[in-house]
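Coordinate analysis (summary)
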Amino acid sequence: SQQGEEDPQALSIQEGENATMNCSYKTSINNLQWYRQNSGRGLVHLILIRSNEREKHSGRLRVTLDTSKKSSSLLITASRAADTASYFCATLRAGTALIFGKGTTLSVSS
Amino acid sequence: SAVISQKPSRDICQRGTSLTIQCQVDSQVTMMFWYRQQPGQSLTLIATANQGSEATYESGFVIDKFPISRPNLTFSTLTVSNMSPEDSSIYLCSVLGRANTEAFFGQGTRLTVV
């Protein structure tokens, strides 16, 4: 089962531009996490934002969380070709397994 | 952090056969998770494997089709049984880190059923 929806499903931008991906979820959460997947391989954890936080930064990543709207956004600033990947939000179900959103496929061209 | 070794990394199998995927973690963990990722899709949780008890399967997944073993706290296997082309997917094992703030993944098994 998928926890949330992401939009857009696909995003194509030029190097140097910013990329924004959105995620909505259905249940109450303790935290929301973002992951990146390159070429259908294992996922890599990018950033976690807790339910009592509204915004968090890590390098070129900025994550926001709106618990009233049950939504989050991931902003990648100054995109690089190496940022080309699929990005997924995920929430922890009842303290156990991570449930993933549908994901956004980002393509950054040079 | 946790390092997960998953094998095989890929396989092409005949329909009707079975494939067992192995997942080895470099530390002891209570729960291990198996996901399926169909082409172009997100990850769907298949089951949670606990040591010493039967795996807990998600809706739409059954033990006869996806038997799971968890003989100790660092190892698990997932078998895809009686395969059909619809089982062609990437299968990933995962564990949660400390305080459940991060998940770690194996590199996945890309399965093609012909």
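Right, let's walk through the structure included here. (Residues numbered from 1 in each chain as written. Chains lettered and ligands numbered in written order. Predicted model: local features only at pLDDT ≥ 70, side-chain atom pairs only at ≥ 80, totals over all residues. Heavy atoms only, no water.)

A few points about the overall build of chain A
Quick reminder of the rule: Runs of H or I in DSSP of at least four residues are treated as helices and runs of E of at least two as strands, each being numbered from the N terminus. Each radius of gyration is computed over the set of C-alpha atoms, and the globule rule expresses the reference value as 2.2 Å times the number of residues to the power 0.38. Note on exposure labels: buried denotes an accessible area under 20% of the residue type's maximum, exposed denotes more than 50%, and partly exposed covers the range between, all computed with a 1.4 Å probe on protein chains only. Contact between two residues is taken to exist if any of their heavy atoms lie within 4.5 Å; hydrogens are not considered. Under the convention used here, a 1.4 Å probe and the Shrake-Rupley method define accessible areas, while residue burial counts only the protein chains that appear. Two residue types count as positive, namely Lys and Arg, and two as negative, namely Asp and Glu; His and chain ends fall outside the count. Positions of charges follow a simple convention, taking NZ of Lys, CZ of Arg, CG of Asp or CD of Glu.
The secondary structure content of chain A amounts to zero helices and 11 strands. Going residue by residue from the N terminus, the α and β elements of chain A occur as β-β-β-β-β-β-β-β-β-β-β. A compact globule built from 110 residues should have a C-alpha radius of gyration of about 13 Å, and chain A, at 13 Å, falls within 12% of that. Projecting the C-alpha coordinates of chain A onto the three principal axes gives extents of approximately 40 × 25 × 20 Å. Counting the 110 residues in chain A, one finds 47% classified as buried. Intrachain contacts of chain A at a sequence separation of at least 6 include 53% that bridge at least 24 residues. For chain A, the exposed surface amounts to about 5,100 Å²; the carbon and sulfur share of it is 45%. Across chain A, the 13 positively charged side chains and the 9 negatively charged ones have centroids separated by 7 Å.

Considerations on the interface of chain B and chain A
One frequent convention defines the size of an interface as the accessible area lost when the parts assemble. Here is the rule: Accessible area, probed at 1.4 Å, shrinks when two parts are joined; the buried area is that loss added up over both. Here a salt bridge means any side-chain nitrogen of Lys or Arg lying within 4 Å of a carboxyl oxygen belonging to Asp or Glu. A 3.5 Å cut-off defines polar contacts: any pair of N or O atoms within that distance qualifies, except that in protein one atom must be a possible hydrogen donor and the other a possible acceptor, and neighbouring residues in sequence count only when both atoms are side-chain atoms.
Contact with chain B, which involves 25 residues of that partner, is made by 25 residues of chain A. Across the chain B to chain A interface the summed buried area is about 1,800 Å²; carbon plus sulfur atoms make up 49%. Seen at the junction of chain B and chain A, the total is one salt bridge. As a salt-bridge pair, E58(B) and R93(A) come within 2.7 Å of each other at their nearest N and O atoms. Between the two partners, chain B and chain A, sit eight residue pairs in polar contact (both at pLDDT 80 or more).

Topic: the packing of aromatic side chains
Describing an aromatic ring pair means giving the distance of the ring centres and the angle of the ring planes. As a reminder, the rule being used: Pairing of aromatic rings covers Phe, Tyr and Trp, the last through its six-membered ring, and needs centres within 6.5 Å; plane angles under 30 degrees mean stacked, over 60 mean edge-to-face, and all others mean tilted.
A full pass over the atoms with the stated rule returns eight aromatic pairs over all chains. Measuring from centroid to centroid gives 6.0 Å for F100(A) and F105(B), while their planes differ by 65°, and the two rings are edge-to-face. In this pair, F100(A) sits in strand β10 (residues 98-100) while F105(B) sits in strand β10 (residues 103-105), so the two residues belong to two different chains. Arranged with centres 5.6 Å apart and planes meeting at 65°, the rings of F61(B) and F66(B) form a pair that is edge-to-face. On the basis of relative accessible area, F61(B) is assigned to the buried category, the value being 7%. By relative accessible area, which is 3% here, F66(B) ends up buried. Each residue in the set Y35(A), F88(A), F100(A), Y35(B) and F105(B) is aromatic and connected to the rest through ring pairs, giving one cluster.

A few points about the state of the cysteines
Residue and element names in this part refer to chain B. To be explicit about the condition: Pairs of cysteine sulfur atoms within 2.5 Å are identified as disulfides in what follows.
Evaluation of the coordinates by the stated rule reveals two disulfides over all chains. Here C23 pairs with C93 through a disulfide, and the sulfurs are 2.0 Å apart. On the sign convention where negative means left-handed, the S-S torsion of about 75° between C23 and C93 marks this disulfide as right-handed. In this pair, C23 is assigned in strand β3 (residues 19-25) and C93 in strand β9 (residues 89-96), connecting sequence segments 70 residues apart. Comparing C23 with C93 shows no difference in burial state: the two are buried.

Topic: the sheet that holds strand β8 (residues 75-80) of chain B
Residue and element names in this part refer to chain B. The following threshold applies: Strand pairing requires that DSSP identify at least two bridges connecting the strands. To get an axis, a line is fitted to the C-alpha atoms, and for a helix only the part in contact is used. The angle between two axes follows their N-to-C directions and goes from 0 to 180 degrees.
Overall, antiparallel pairing links the four strands, which are arranged β1-β3-β8-β7 in an open sheet. The open sheet is flanked by β1 (4-7) and β7 (68-72), the only strands paired with a single partner. Neighbour to neighbour, the strand axes of the sheet diverge by 15° on average, direction disregarded. Two elements, β7 and β8, share three bridges in a ladder whose sense is antiparallel. When the bridges of β8 are listed, S69 appears paired with T77.

Describing the sheet that holds strand β6 (residues 55-58) of chain A
All names here are of chain A. Taking strand neighbours across the sheet as the criterion, the five strands line up as β1-β3-β8-β7-β6 in an open arrangement whose pairing is antiparallel. Unpaired on one side and paired on the other, β1 (5-7) and β6 mark the two borders of the sheet. Pairwise comparison of adjacent strand axes, ignoring direction, gives a mean angle of 15° for this sheet. Relative to strand β3 (residues 19-24), β1 runs antiparallel, the two being bridged by three bridges. Along β3, the bridge assignment pairs E6 with C23.

The analysis is restricted to geometry; functional conclusions fall outside its scope.
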